[in-house]
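Residue-level listing of the chains:
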Amino acid sequence: MSDLITPHILYQSLGETNDQKQSIYRELFGYGLEPDEIDQIRKATNGNFALGAKRFQDEISRMIGRRAFPGKSGRPKSKN
């Protein structure tokens, strides 16, 4: 092991041996996503938006100083 790499404490706690740790870590990510979830992730990624609840999106918007959620399609309605 390199002196430049320090395993995370949570990873270290997954098992006694390296094989156990690796096996348990793989299990954490061994499930598939539903097609709707994948679609939501793609839309958020392609649109450069935060994916999450309205409160989370509002918080991210305040932090970055711009809208972090999809806006309404089309031109704004005339005020006349």
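Residues numbered from 1 in each chain as written. Predicted model: local features only at pLDDT ≥ 70, side-chain atom pairs only at ≥ 80, totals over all residues. Heavy atoms only, no water.

Draft legend 1. Expanded view of the overall build of the protein chain. A count of helical and extended segments in the protein chain gives 4 helices and 0 strands. Over its C-alpha atoms the protein chain spans a radius of gyration of 21 Å, topping by over 25% the 12 Å that the globule rule assigns to 80 residues. Counting only contacts in the protein chain whose residues sit at least 6 apart along the sequence, the fraction spanning at least 24 positions is 0%. Taken as a whole, the protein chain presents about 7700 Å² of accessible surface, with 54% of it coming from carbon and sulfur. (Helix = DSSP H or I, 4+ residues; strand = E, 2+ residues; numbered from the N terminus. Rg over C-alpha atoms; globule rule 2.2 N^0.38 Å. Contact = heavy atoms within 4.5 Å. Areas by Shrake-Rupley, 256 points an atom, 1.4 Å probe, with all protein chains shown as cover.)

Draft legend 2. Seen up close, the side chain of Ser 61. Position of Ser 61 relative to the elements: it lies in helix α4 (residues 54–64). When its relative accessible area of 12% is taken as the criterion, Ser 61 is described as buried. (Buried < 20%, exposed > 50% of the residue type's maximum accessible area, 1.4 Å probe, protein only.)

Coordinates in, geometry out; function isn't part of it.
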